[in-house]
Amino acid sequence: MAKLPIAIPQLVESFGPHLHQTPPGGWTSAEEPDRVVKTHCCFCGQQCGIQLKVKNERIVGFDPWEEFSFNSGKLCPKGVKRYLQGDHPDRLLAPLERAPGKGFRPIDWNTALDRTAAAINRIQAVHGNDAFAVLSGASLTNEKAYLMGKFARVALRTANIDYNGRLCMVSAAAASKKILGYDRAANPWSDIRKSKCILVAGANIAECAPITTDYLWSAREAGAKIIVLDPRMTPIARTVDLYIPVRSGGDIGIFNGMLHVMIERGWIDRAFIDAHTTGFDEVERVVRRYTPEYAAKIAGVPASMIVRAAELWGPAESSFLLHSRGIEHHTKGVDNCMAAINLVVATGRIGREGSGYAMITGQGNGQGAREQGQKCDQLPGHRDIENPAHREHMARVWGVSEATIPHKGLSALEIFEAAHAGTIKGMLLMSFNPMVSLPDQGFIREALEKLEHFAVIDFFLSETARFADVVFPGSLMEEDEGTTTNVEGRVIRHRKVVHPPGEAREDWRIICDLARRVGPKDKFEFDSPRAIFEELRAASRGGASDYYGITWEKIDERQGVFWPCPDLDHPGTPRLYEGGKFAHPDGKAHFQPVEWRPAAEEPDAEYPLTLTSGRVVAHYLSGNQTRRIGALVKQTPEPYCEMHPRLAEKLEVEDGDFVAIESRRGTTTLRAMIVKTIRPDHVFVPYHWPLQRAVNNCTIRAIDPVSKIPEFKICAVRVKRASRPTDENVQLGPEAGGLR
């Protein structure tokens, strides 16, 4: 059973997180590197170019890669410190098995693989194939993401595979496919600089996609007007023309209210709508009642702000809409995104230079990892797992019978609910840390503890891996090679810089070794990531995200290739929907009418405040990597509760006081940070920390009915001043879940 083998402080002592402060050789080494390797940062979806310096087969530093056009050498705080993951004292160097009462002990590879293979075979023989689930990450290369999907469906024949992109991009993806036909940013980032009006909805760009700040500032210097919607006045919002402090969950009020004004004043493109879209009549009927006054009540802002936003956006010469998790992490996340995209299509300003739309991916391969078949409802190439023709195509590529390919499975959170209910008995997890990142942490822990076998592939012992029966030491991005697809839809190449240390192995080798023990051996005879990519190309051929015309050589020659790229002579497609040609079979955009509805849990008399959560610039995802890098932890050592001075006065809280944030599911006690840049009826807590300091002790286990994304951006809480916590983990370093 998946249980902690020893107490958490003992696990932290052995496996960290510990802080890595200096690179090999220190900061002042004058030795010339043996080589400098051009590759990409892995710490967000922008995938900036970087050059890593290698000395004696260890990464000792970096240089900017100024020729790579996306970031032109610029890097964020995470980018300049990312290489300190290498040579880290916490690095897993050998397979481990849980030793109750003792912790974890090293075992050899064959023992580790045989033990997990035997557990898979036993569980599936007794409880059925779907009783064993696979969960993976959106930071994996395209090759690994493809392999994980094939492993689940061909080797295990389980329907239950999903990934942590379920916490990230799925609402945006579903909305874009419904209206535009493709799940991808419509434009290259270079178009942002040429836009005259930019609307940023729910995106803390300066902290979560820092390099994109430069694109917005360039546009502003060229005369663009910028509008930001966010409950918090994020750093980018402090420099814009119009900041709208929308309440969390009120975005549809803004979007529908703006469209109402635009229709009234004639700022929509009727000719474009008639020629290139369907469904606008129903949208027009719905938004008719979203007068600025009605919309303002939903959004929690003055009606004049909605009118002003429409006045900036409606008549603009060119425009660009960007959105991110702020409008996506809701039980109406898909509806929020569709209401935003309706605004774009109604103006006809899409598919041309300086005008378009993009969702901002968060995870390293947030775009590509959702295209390759590791989602519970998709096959490679963005194919629908329930479409007979799509299933036949993949059956031919894989050399299996169509009937053996499982149908749609459970999404990530649903897999944990099934484990809690006892219908899922085993799990293989790679590059995913649910014991920080999923909502309602008490429930997630109970679900893990009910598993009969739990195996993890990772390079550090994450908070979730502490529950594992077997841990396989995998590889960092720079210890393997492969491709990712950046925020624009540009497929780029990561080069292998050094070999995995100790007995650690490249992830794809581990999956192939395990697959050959439990499934048809001849389906997993890959000898390199390039070989996997070649099969991926064939698998994607003819699909929406068509990679068939992309080769590694072409990527190198062109600084990346944008999909769709259907044949070897095709240049790729940086800008989608040119000429008003959309990706639906009828070639038109399909407007979707959207009505506002309340969140799963709105504030009430007992829990009167809205809790919202998000990221900070110094940390990435669950912090499993960044909480081990000294300079990043120094920048933001521990979580905090951000609140407005008016709320602090009401609660009799001073800056730095401890406050308890309580929801119906759990509590966390943190220091207060009093700022004027948040609505007085909201509190904000960053999510990168574990244990008693995890904001996800409080968040709600409610999901969007279409995308299945959890509602991280709104739940009801109460806050009160508290004493310093005295729990068993408070003495740990803040990087491990303690407090200073």
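Calculation rules
- Chains are numbered independently. Their residues run from 1 in the order of the written sequence.
- Reporting of local features is limited, given that this is a predicted model, to residues whose pLDDT is at least 70; pairs of side-chain atoms are given and counted only at 80 or more, and all residues count toward the totals for whole chains, interfaces and linings.
- Heavy atoms throughout the structure, all of them, feed into the side-chain values; hydrogens and water do not.
- For this analysis, a ring pair means two rings from Phe, Tyr or Trp (six-membered ring only for Trp) whose centres lie within 6.5 Å, classed as stacked if their planes differ by under 30 degrees, edge-to-face if by over 60, and tilted for the remaining angles.
- Charge over a ring is defined by NZ of Lys or CZ of Arg lying within 6 Å of the ring centre and within 35 degrees of the ring normal.
- Basic side-chain nitrogens of Lys or Arg form a salt bridge, by our definition, when they fall within 4 Å of a carboxyl oxygen of Asp or Glu.
- Runs of E in the DSSP output that reach at least two residues are strands. Runs of H or I that reach at least four are helices, and both are numbered from the N terminus.
- Each residue is placed in one exposure class: buried if its accessible area under a 1.4 Å probe, protein chains only, is under 20% of its type's maximum, exposed if it is over 50%, and partly exposed if it falls in between.
- Strand pairing requires that DSSP identify at least two bridges connecting the strands.
- Contacts between residues were defined by any pair of non-hydrogen atoms, one from each residue, lying within 4.5 Å.
- Axes here mean lines fitted to C-alpha atoms, for a helix over just the part in contact, with angles spanning 0 to 180 degrees between N-to-C directions.
- For classification, angles of less than 35 degrees are called roughly parallel, those exceeding 145 degrees roughly antiparallel, those between 65 and 115 degrees roughly perpendicular, and all remaining angles oblique.
- In this scheme, a crossing is called left-handed if the near helix is turned counterclockwise away from the far one by less than a right angle; it is called right-handed if the turn is clockwise.
- Think of it as three bins: nonpolar holds Ala, Val, Leu, Ile, Met, Phe, Trp, Tyr, Cys and Pro, charged holds Asp, Glu, Lys and Arg, and polar takes everything else, Gly as well.
- The disulfide criterion used throughout: a pair of cysteine sulfur atoms within 2.5 Å.
- Any helix carries an expected span of 1.5 Å times its number of residues minus one.
- The directions from the helix axis to the C-beta atoms are what the arc is built from.
- Polar contacts here mean pairs of N or O atoms no more than 3.5 Å apart (in protein, one a potential hydrogen donor and the other a potential acceptor; neighbouring residues in sequence count only if both atoms are side-chain atoms).
- Among buried residues, those of type Ala, Val, Leu, Ile, Met, Phe, Trp, Tyr and Cys that are joined through side-chain atoms within 4.5 Å constitute a nonpolar core.

Labelled according to an unreviewed UniProt entry, the protein appears under the name Molybdopterin oxidoreductase family protein, originating from Pendulispora albinea.

Peer 1: Please clarify how the packing of aromatic side chains should be interpreted in this entry.
Peer 2: The relation between two aromatic rings is expressed through the spacing of the ring centres and the mutual angle of the planes. Enumeration over the complete set of coordinates arrives at 14 aromatic pairs. Seen from the ring of Tyr548, Arg537 lies directly overhead, with NZ or CZ sitting 4.8 Å from the centre. Sitting over the ring of Tyr548, Arg541 keeps its end group 3.8 Å from the ring centre.

Peer 1: In this structure, what is going on with the pattern of salt bridges? I would like to understand it.
Peer 2: Two side chains with opposite charge may pair up if their charged atoms get near one another. Under the definition given, this model contains 61 salt bridges. Asp241 serves as the salt-bridge partner of Lys225, at 4.0 Å between the closest nitrogen and oxygen. Of this pair, Lys225 sits in strand S9 (residues 225-229) while Asp241 sits in the loop between S9 and strand S10 (242-244); the two residues are 16 residues apart in sequence, bridging distant segments of the chain. With relative accessibility at 39%, the residue Lys225 sits in the partly exposed group. Residue Arg693 pairs with Asp727 through a salt bridge whose shortest N-O separation is 2.8 Å.

Peer 1: Would you mind going over the pairing of strand S6 (residues 132-136) with me for this structure?
Peer 2: Regular strands show a simple pattern: their side chains alternate between the two faces of the sheet. Counting buried positions along S6 yields 5 of 5 residues, so the element is predominantly enclosed. Of the two faces of S6, the one holding Phe132, Val134 and Ser136 and the one holding Ala133 and Leu135 are both buried throughout. Pairing of S6 with strand S7 (residues 161-163), which is carried by 3 bridges, proceeds in the parallel orientation. When the sheet's bridge partners are listed, Leu135 is paired in S7 with Asp162.

Peer 1: Where do I start with the side chain of Ser545 in this structure?
Peer 2: Tracing the sequence through the fold places Ser545 in the loop between helix H20 (529-540) and helix H21 (552-558). The contacts of Ser545, once residues within four sequence positions are left out, are Glu371, Gly381, His382, Ser540 and Trp563.

Peer 1: Just to check I follow, could you spell out the sheet that holds strand S3 (residues 58-64) for this structure?
Peer 2: Sheets are built from strands paired through backbone hydrogen bonds, the pairs being either parallel or antiparallel. Strand order in the open sheet formed by 3 strands is S1-S2-S3, with antiparallel pairing between adjacent strands. The sheet is open, and its two borders are formed by strand S1 (35-40) and S3, each paired with just one other strand. On average, adjacent strands in this sheet sit at an angle of 35° to one another, irrespective of strand direction. Relative to S3, strand S2 (residues 49-55) runs antiparallel, the two being bridged by 6 bridges. Pairing of Ile50 across the sheet is with Pro64, part of S3.

Peer 1: Sorry if this is basic, but what is going on with the packing of helix H8 (residues 251-265) against helix H11 (residues 292-299) here?
Peer 2: To describe two helices that pack against each other, one gives the angle between their axes and the distance between the axes. At their nearest, the axes of H8 and H11 sit 8 Å apart, and the two run at 170° to each other. Accordingly, the angle class assigned to the pair H8 and H11 is roughly antiparallel. Pair H8 / H11 crosses with left-handed handedness. Residues Gly253, Ile254, Gly257, His260 and Val261 of H8 pack against Pro292, Ala295, Ile298 and Ala299 of H11. Residues of the contact of H8 with H11, tallied by class, amount to 6 nonpolar, 3 polar and no charged.

Peer 1: Would you explain the state of the cysteines in this entry?
Peer 2: By definition, a disulfide links the sulfur atoms of two cysteines through a covalent bond. With the rule as written, the count across this model stands at 0 disulfides. Cys698 provides the cysteine sulfur closest to Cys641, a residue in no disulfide bond, and the two sulfurs are 9.5 Å apart. For Cys715, which is in no disulfide, the shortest distance to another cysteine sulfur is to Cys698 and amounts to 6.6 Å.

Peer 1: Where do I start with helix H3 (residues 109-127) in this structure?
Peer 2: One full turn of an α-helix is made of 3.6 residues, so residues set three or four places apart face in the same direction. The end-to-end C-alpha separation of H3 is 27 Å, in line with the 27 Å expected for 19 residues at 1.5 Å each. Taken together, the buried positions of H3 are Trp109, Ala112, Leu113, Thr116, Ala117, Ala119, Ile120, Ile123 and Gln124. For H3, the buried positions fall inside an angular range of 155° around the axis, keeping them on one side. More than 90 degrees from the buried face of H3, the exposed residues found are Ala125 and Val126. Buried residues belonging to H3 abut S6, helix H4 (142-156), strand S16 (426-430), strand S17 (453-458), strand S18 (470-473) and helix H19 (507-518). Between the side-chain oxygen at the start of H3 and the backbone nitrogen of Asn110 there is a gap of 3.1 Å, and the oxygen is on Asp108. Phi turns positive, to about 100°, at Gly128, one or two residues after H3.

Peer 1: Just to check I follow, could you spell out the environment of Glu711 for this structure?
Peer 2: Considering the arrangement of structural elements, one finds Glu711 in the loop between strand S27 (682-686) and strand S28 (715-722). Classification of Glu711 by relative accessible area gives buried; the value is 1%. Those residues within four positions of Glu711 in sequence are excluded, and the remaining contacts are His329, His330, Thr331, Ala599, Ala600, Glu601, Ile700 and Ala702.

Peer 1: Help me understand the side chain of His40, please; the structure alone is not making it clear to me.
Peer 2: Looking at the element boundaries, His40 is found in strand S1. Here His40 is in contact with Gln47, Cys48, Gly49, Ile50, Trp65, Phe68, Arg82, Ile492, Arg493 and His494, once residues within four sequence places are set aside.

Peer 1: I would appreciate a short explanation of the nonpolar core in the present structure.
Peer 2: Nonpolar side chains tend toward joint burial in soluble globular proteins. Among the nonpolar cores identified, the biggest contains 119 residues, and Phe151, Ile227 and Trp313 are the most heavily contacted of them. In terms of residue count, helix H14 (residues 333-347) provides more of this core than any other element does, 10 residues in total. By size, the runner-up hydrophobic cluster in this structure holds 69 residues, among which are Ala224, Ala618, Leu632 and Cys641.

Peer 1: Which parts of the structure should I look at to understand unusual backbone geometry?
Peer 2: Glycine aside, residues mostly have negative phi angles, and peptide bonds mostly take the trans form. Put simply, Gly16 and Pro17 share a cis peptide bond, and its omega is 15°. The linkage connecting Trp563 with the following residue, Pro564, adopts the cis geometry, with an omega of 0°. With a phi angle near 60°, Asp87 is a residue other than glycine that sits in the positive phi range. In this model, Gln559 sits at a positive phi of 55°, which is unusual for a non-glycine residue. Relative to the assigned elements, Gln559 resides in the loop between H21 and strand S21 (561-562).

Peer 1: I would appreciate a short explanation of the environment of Lys225 in the present structure.
Peer 2: Along the backbone, Lys225 and Leu312 are 87 residues apart, and their C-alpha atoms lie at a distance of 7.2 Å. If near-sequence neighbours (up to four positions away) are discounted, Lys225 is found in contact with Lys196, Cys197, Ile198, Asp241 and Leu312.

Peer 1: I'm lost on the sheet that holds strand S8 (residues 197-201) in this one. Help?
Peer 2: Here we have 5 strands laid out as an open sheet, ordered S10-S9-S8-S12-S13, and parallel in their pairing. The strands lining the two open edges of the sheet, one partner per strand, are S10 and strand S13 (356-359). This sheet shows a mean twist of 10° between the axes of neighbouring strands, independent of strand direction. Taken together, the 4 bridges between strand S12 (residues 320-323) and S13 define a ladder with parallel strand orientation. Within S13, the residue paired with His323 across the bridge is Met359. Lying over the sheet, helix H5 (residues 170-179) contacts S12 and S13, oriented at roughly 150° with respect to S13. Packed on one face of the sheet, helix H12 (residues 303-313) meets S8, S9, S10 and S12 and runs near 135° to S10.

Peer 1: Looking at this model, I keep getting lost on H14. Mind explaining?
Peer 2: Taking 1.5 Å per residue as the helical rise, H14 with its 15 residues ought to reach 21 Å, and the 23 Å between its terminal C-alpha atoms agrees with that figure. The buried count for H14 comes to 15 of 15 residues, which makes it a mostly enclosed element.

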